[in-house]
Amino acid sequence: MRPNDANIVGNVHGGIILKMIEEAGCIIGTRHCNTQNGDRCLAALVRVEKTEFLSPVFIGEVAHVTAEITYTSKHSLEVQVKVKAENILTGNEKLANKAALWYVPCSLQNVDKIMEVPPIKYASEEQEEEGRKRYEAQKMDRLETKARIEEVVPPPPNQEQHTVGFSQSSLIHLVGPSDCTLHNYVHGGVTMKLMDEVAGIVAARHCNTNIVTASVDAINFHRKIKKGCVVTVTGRLTFVSNKSMEIEVLVDASSLVDAEKGKYRAVSAFFTFISLDKDNKPLPVPPLKVGTILSLLSEVSQFIKT
Amino acid sequence: MRPNDANIVGNVHGGIILKMIEEAGCIIGTRHCNTQNGDRCLAALVRVEKTEFLSPVFIGEVAHVTAEITYTSKHSLEVQVKVKAENILTGNEKLANKAALWYVPCSLQNVDKIMEVPPIKYASEEQEEEGRKRYEAQKMDRLETKARIEEVVPPPPNQEQHTVGFSQSSLIHLVGPSDCTLHNYVHGGVTMKLMDEVAGIVAARHCNTNIVTASVDAINFHRKIKKGCVVTVTGRLTFVSNKSMEIEVLVDASSLVDAEKGKYRAVSAFFTFISLDKDNKPLPVPPLKVGTILSLLSEVSQFIKT
Amino acid sequence: MRPNDANIVGNVHGGIILKMIEEAGCIIGTRHCNTQNGDRCLAALVRVEKTEFLSPVFIGEVAHVTAEITYTSKHSLEVQVKVKAENILTGNEKLANKAALWYVPCSLQNVDKIMEVPPIKYASEEQEEEGRKRYEAQKMDRLETKARIEEVVPPPPNQEQHTVGFSQSSLIHLVGPSDCTLHNYVHGGVTMKLMDEVAGIVAARHCNTNIVTASVDAINFHRKIKKGCVVTVTGRLTFVSNKSMEIEVLVDASSLVDAEKGKYRAVSAFFTFISLDKDNKPLPVPPLKVGTILSLLSEVSQFIKT
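No experiment lies behind these values; they were computed from the predicted model shown.

K.L.:
Which parts of the structure should I look at to understand the overall build of chain A?
P.N.:
Across its full length, chain A holds 5 helices and 12 strands. Overall, chain A is about 60 × 55 × 40 Å in size when its C-alpha atoms are taken along their principal axes. Per-residue burial for chain A yields a buried fraction of 57% across its 306 residues. For chain A, the proportion of contacts with a sequence separation of at least 24, taken over those separated by at least 6, is 73%. Surface accessibility of chain A: about 13,700 Å² in total, with carbon and sulfur atoms responsible for 54%. Of the charged side chains in chain A, 35 are positive and 36 negative; the average position of the first set lies 3 Å away from that of the second.

K.L.:
Looking at this structure, I do not really get the relation of the copies chain A and chain C. What am I missing?
P.N.:
One chain copy maps onto the other through a rotation about an axis and a shift parallel to that axis. For the pair chain A and chain C, the relating rotation is 180°, the translation along its axis is 0.1 Å, and the fit reaches an RMSD of 0.1 Å. On this basis, the relationship between the two copies can be described by a two-fold rotation axis. Here 100% of the interface residues in chain A have copies in chain C that are interface residues too; the copies meet face to matching face.

K.L.:
Before we go on, may I ask you to explain the UniProt feature "active site" (unreviewed entry) in chain A in this structure?
P.N.:
Residues and elements named next belong to chain A. Per the UniProt record, "active site" (unreviewed entry) is found at Asn7 and Asp196. What stands out for the annotated residues spanning 190 residues is how close their C-alpha atoms remain, the widest pair being 12.2 Å apart. Mapping asparagine 7 onto the fold places it in the segment before α1 (14-33). The exposure class assigned to asparagine 7 is buried, which follows from its relative accessible area of 16%. With respect to the element layout, aspartate 196 can be found in helix α4 (residues 188-207).

K.L.:
Looking at this model, I keep getting lost on the interface of chain A and chain C. Mind explaining?
P.N.:
Accessible area lost during the coming together of the parts is what is often quoted as the interface size. Chain A puts 25 residues into the contact, and the matching count from chain C is 25 residues. Around 2,000 Å² of area is buried between chain A and chain C when both sides are counted, 59% of it from carbon and sulfur atoms. Its largest share of buried area at the contact with chain C, chain A owes to Arg2, Ile88 and Leu89 of chain A, together 34% of the area lost on that side. At the surface where chain A touches chain C, the tally comes to 4 salt bridges. Summed over the shared surface of chain A and chain C, the result is 9 residue pairs in polar contact (both at pLDDT 80 or more). With 5 residues, the top contributor of residues to the side of chain A that touches chain C is α1 of chain A. Class assignment for the residues of the side of chain A that touches chain C results in 11 nonpolar, 8 polar and 6 charged.

K.L.:
What should I look at first to understand helix α1 (residues 14-33) of chain B in this one?
P.N.:
For an α-helix, 3.6 residues make a turn, and residues three or four places apart therefore share a direction. For α1 of chain B, which comprises 20 residues, the first-to-last C-alpha distance of 28 Å matches the rise-based estimate of 28 Å (1.5 Å per residue) to within 8%. Along α1 of chain B, 16 of the 20 residues are buried, which leaves the element largely enclosed by surrounding structure.

K.L.:
What is the right way to read the interface of chain B and chain C from this model?
P.N.:
The interface is formed by 25 residues belonging to chain B together with 25 residues belonging to chain C. Between chain B and chain C, the buried area comes to about 2,300 Å², and carbon and sulfur atoms account for 65% of it. In terms of surface lost to chain C, no three residues of chain B exceed Ile8, Ile172 and Leu256 of chain B, which account for 26% of the buried area on that side. Scanning the region where chain B abuts chain C turns up 0 salt bridges. Connecting chain B to chain C are 2 residue pairs in polar contact (both at pLDDT 80 or more). Secondary-structure elements contributing two or more residues to the side of chain B that touches chain C are β6 (169-174), α4 (188-207) and β9 (229-240) of chain B. Among the elements that line the side of chain B that touches chain C, the one with the most residues is β6 of chain B, at 5 residues. Considering only residue class, the side of chain B that touches chain C consists of 11 nonpolar, 11 polar and 3 charged.

K.L.:
Help me understand the pairing of strand β3 (residues 62-72) of chain B in this model?
P.N.:
Residue and element names in this part refer to chain B. As defined by bridge partners, β3 adjoins strand β4 (residues 77-86) across 10 bridges and the pair is classed as antiparallel. The residue bridging alanine 63 from the neighbouring strand is alanine 85, located in β4. Taking the residues between adjacent antiparallel strands as the criterion, β3 and β4 are bridged by 4 residues.

K.L.:
I would appreciate a short explanation of the nonpolar core in the present structure.
P.N.:
Soluble, globular proteins show a tendency: their nonpolar side chains are buried together. Membership of the largest hydrophobic core comes to 81 residues, with the highest contact counts inside it found for Met195, Ile219, Ile225, Val233, Met245, Ile247 and Phe271 of chain C. Here this core gets 11 residues from one element, more than from any other, and that element is helix α4 (residues 188-207) of chain C. Excluding residues that lie within four positions of it along the chain, isoleucine 225 of chain C makes contacts with Val175, Asn184, Tyr185, Val186, Thr191, Val231, Val251, Ala253, Tyr264 and Ala266 of chain C. Within the second largest apolar cluster, 80 residues are counted, among which are Ile21, Val175, Ile219 and Tyr264 of chain B.

K.L.:
Explain the side chain of histidine 222 of chain B here, please?
P.N.:
Residue and element names in this part refer to chain B. Structurally, histidine 222 can be placed in the loop between β8 (219-221) and β9. Given a relative accessible area of 15%, histidine 222 falls into the buried group. When residues no more than four places from it in sequence are discounted, the contact partners of histidine 222 are Arg142, Thr145, Lys146, Ile149, Arg265, Ala266, Val267 and Ser268.

K.L.:
Could you clarify how one ought to interpret the UniProt feature "domain: HotDog ACOT-type" (unreviewed entry) in chain A in this entry?
P.N.:
UniProt's feature table lists "domain: HotDog ACOT-type" (unreviewed entry) at residues 1-109 and 165-279 of chain A, given in the numbering used throughout. Measuring from the first to the last C-alpha atom of residues 1-109 of chain A gives 36 Å, for a span that is 18% helix and 42% strand.

K.L.:
Explain empty space enclosed by the protein here, please?
P.N.:
Left-over empty space is what a probe sized like a water molecule reveals as it rolls over the atoms. Residues and elements named next belong to chain C. Using the criterion set out here, one finds 4 cavities of 30 Å³ or more in the structure. Breaking the lining of the largest cavity down by element, the ones donating at least two residues are α4 and β9 (229-240). Ranked by residue count, the leading element in the lining of the largest cavity is α4, at 3 residues. Broken down by class, the residue content of the lining of the largest cavity amounts to 8 nonpolar, 2 polar and 1 charged.

K.L.:
Looking at this structure, I do not really get the environment of arginine 134 of chain C. What am I missing?
P.N.:
All names here are of chain C. Inspection of the secondary structure assignment puts arginine 134 in helix α2 (residues 125-149). C-alpha separation for the pair arginine 134 and glutamate 49, spaced 85 residues apart in sequence, amounts to 9.8 Å. Residue contacts for arginine 134: discarding those within four places in its chain leaves Thr70, Tyr71, Glu78, Gln80 and Trp102.

K.L.:
Before we go on, may I ask you to explain the pattern of salt bridges in this structure?
P.N.:
Note that side chains of opposite charge can pair when their charged atoms are close. Counted according to the given criterion, the structure contains 45 salt bridges over all chains. In this structure, glutamate 49 of chain B engages arginine 47 of chain B in a salt bridge whose closest nitrogen and oxygen atoms are separated by 3.0 Å. Comparing glutamate 49 of chain B with arginine 47 of chain B, the two get one shared label, buried. The structure contains a network of salt bridges with shared partners spanning Arg47, Glu49 and Asp141 of chain A.

K.L.:
What is the right way to look at the packing of aromatic side chains in this model?
P.N.:
Aromatic ring pairs: the centre-centre distance and the angle between the two ring planes describe each pair. Residue and element names in this part refer to chain A. Counting across every chain of the model gives 12 aromatic pairs over all chains. Consider the rings of tyrosine 71 and tryptophan 102, whose centres lie 6.3 Å apart with planes at 65°: the pair is edge-to-face. Of this pair, tyrosine 71 sits in strand β3 (residues 62-72) while tryptophan 102 sits in strand β5 (residues 93-107); the two residues are 31 residues apart in sequence, bridging distant segments of the chain. Pair check on accessibility: tyrosine 71 and tryptophan 102 agree, each one buried.

K.L.:
Is there a simple way to think about the side chain of histidine 206 of chain A in this case?
P.N.:
Residue and element names in this part refer to chain A. Along the chain, histidine 206 turns up in helix α4. Accessibility expressed as a relative area gives 0% for histidine 206, which makes it buried. Once you skip the residues sitting within four places of it in the chain, histidine 206 turns out to touch His162, Ser167, Leu237, Val240, Met245, Val285, Pro286, Pro287 and Leu288.

K.L.:
What exactly am I supposed to notice about the packing of α1 of chain B against α4 of chain B here?
P.N.:
A packed helix pair is summarised by two numbers, namely the angle formed by the two axes and the spacing between the axes. All names here are of chain B. As a packed pair, α1 and α4 sit with axes 8 Å apart at the nearest point and diverge in direction by 170°. In terms of orientation, α1 lies roughly antiparallel with respect to α4. Residues Gly14, Gly15, Ile16, Leu18, Lys19 and Glu22 of α1 touch α4, and the partners they reach there are Gly188, Gly189, Val190, Met192, Lys193 and Asp196.

Cut-off values and rules
Residues numbered from 1 in each chain as written. Chains lettered and ligands numbered in written order. Predicted model: local features only at pLDDT ≥ 70, side-chain atom pairs only at ≥ 80, totals over all residues. Heavy atoms only, no water. Helix = DSSP H or I, 4+ residues; strand = E, 2+ residues; numbered from the N terminus. Buried < 20%, exposed > 50% of the residue type's maximum accessible area, 1.4 Å probe, protein only. Contact = heavy atoms within 4.5 Å. Areas by Shrake-Rupley, 256 points an atom, 1.4 Å probe, with all protein chains shown as cover. Lys, Arg positive; Asp, Glu negative; His and termini not counted. Charge placed at Lys NZ, Arg CZ, Asp CG, Glu CD. Least-squares fit on C-alpha atoms with pLDDT ≥ 70 in both. UniProt positions renumbered as here; feature names shortened; annotations may be inferred. Buried area = accessible area lost by both parts, 1.4 Å probe. Salt bridge = Lys/Arg side-chain N within 4 Å of Asp/Glu carboxyl O. Polar contact = N/O pair within 3.5 Å; in protein donor to acceptor, adjacent residues only side chain to side chain. Nonpolar A, V, L, I, M, F, W, Y, C, P; charged D, E, K, R; others polar. Expected span 1.5 Å × (residues − 1). Pairing = 2+ DSSP bridges. Core = buried A, V, L, I, M, F, W, Y, C linked by side-chain atoms within 4.5 Å. 1 Å grid on protein atoms, 1.4 Å probe; cavity = no way out; pocket = protein on both sides within 12 Å on 5 of 7 lines; lining within 4 Å. Points joined across faces, edges and corners; volume = space filled by probe spheres on them. Phe/Tyr/Trp six-rings, centres within 6.5 Å; stacked < 30°, edge-to-face > 60°. Axes fitted to C-alpha atoms, helices over the stretch in contact; angles between N-to-C directions. Parallel < 35°, antiparallel > 145°, perpendicular 65-115°, else oblique.

The following block contains the structure:
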């Protein structure tokens, strides 16, 4: 881990870890899906399950990422990934993250053609059965989320500190070649890194301290983002407890040059951040001010969601 | 802003800010030019007006870049961009930079075909009239500069400290995929970042202190640079006052593989740097030694220019 | 491997592979040297043995880097590294590179203090004996090279094509935080990447075709390079056969701000490049023109060396 991977006090950004996780998942998924005959294909990320950042990772530590395919349906597969951080000066090792990702194989000839996934062998029937349950659950959740997130419109900015509008932040990014896979769509890991960046800025603006990613709710990738698009990533506080901040992050994409116009919602997720002092001890988070109808509505929608 | 964006005492390089400004200008310009029928096109940077770095930006701060189209001629458009730096720990905000950029829309089918720019609406006739004046002025300046810069040949190196030849520096850079737009020409912002890098090394060699970009004279992009080219960026002192150093930076491009051989002058500009102590207070700059005919000629040409 | 790692026809740069090799060596070396009591230390690269690029690596392939400690002396250790490239679409795997690197452990408290290396266990006495021979041979070669390279001064540029002066190239690079280890000295891999970049530009300028790194002669790291230095990397042709080009690359470092002034020679090596057509078939290399006394001298020195 290098200085650029970390914040000013040396904690590696959650987004960097999510990007590595996705890279491992993409490699193992793509390799597996090409073990059969037919079109060559790439594994495209469609969902990351809720994941927790168990220990912080620091500059100078070595991250070990291991991935395993744990379930296959006809057209998708689940990869479980573990990240361990090793301090090569002291020999200490700790588990930094565990995540589960869902991929679908897209043909390299025609990116809209979903290929079949070769089945894996399970150690036991129970294992297969548990995988099937996870598969059904995520399928359901993806459908629900898709309907809901299309309607979300971020509220207008607000100058009053500790309101939703005050810390709300957006970044735009022009998708370049290094952000993309072999078929010129953005790597899921690149998008997650941008999402974590925006969420981190929202959290820091709210509490004016050093903040770190504590966990990420399920991330759903509804639509692909092509090279040459502009992505707008918007984050806003949706809930604040004494200990943590929940931030909804929405990713909208629009092509600058293509015939097909219009902005579309591509990805969405909730990130949870905590506030830390200089010795990495948790600090209390200032409460969210409810001054406007919009932030009120936001709280209501939050209430309904939970 | 990350550690890699800054010098060793934490000031973000002017080149990083110029690159962000250009990215914003390119996005808004390209988006506007594709609102009409006809070939899809990309906005190519042809000129950046003189700009001043009003406040330094530091690692850990968040930079906000906002861009607006302020004038359109038949084949070009002006974008005005503002950069604000926000310290998210203290909430302080300051204006870091204001710039005006000129773009022309190039067809994606044929990069040499300049498309028409859809007109914008002006708030008042005065506004349009002022835009027209800026348009005429930059057009004139671009023609004049083009003729002049073709002839400039940097002097040979010199071992004596504080001479022009002593601090003169060149870098070469092989244009890679990430440096390029969708039609495989170098982003103007990438070139400006390289120019600032060389100018910074010249300035640091002259005064052996921490230096920062104070302002950039108008930058004219005379010819495009294609993917796979080698660019040579050369900087040399052209004027030194007690408070600042003026450095001329020339960008030459040559293709490594294309049939069309030969080096050509692609971009040129003057950068002004100041020298700072550890607390970011200005330091006096050592005077320029005039020991040789060549450095004398350089001073003369400087005199004529001003 | 991403688009940014490769040239315009998709071959991954040798420099990228050298950088990965060094990262693996540094991790395993540092881990081993910290298994004993005493100051914490970092493994600093002092030499890379001659290495051949056995197969090209392409964008989209996955590189597997494995490293093993194969010899330890009192104050240094040898790491052997293998790079395999896997095409995850076809399942094909090939050996891309094998390299041997020598490290010495430097204390984190005092970078000039060389620590002791914990001994490893050998599978047999022969193995240990062979290691000792490699150790003695590299020690001798490092001393000889150090004396020789201090004196090399690159010839002046020349406008005539196919001369040494025509293709000679230099780049300057300001060492930033992400180039550095925890004790703020440049990673050996970063330097090797810059060296390969310059050598590639020299080769491409000589033959105006697609070129790739075929092999690298022993690279000796004579002196460390600190954060904030400017490095000047210069490459020039030293020998051309029908099939390949040999390029000497010299790395000079100078501090911009430190009290200790002056440029010093930090690293040197010979790179061999070959020229390829669009189907990756070797092309003949244009012969080197000997037009001046300087290029003649260069040929003579080449003759003596071989």
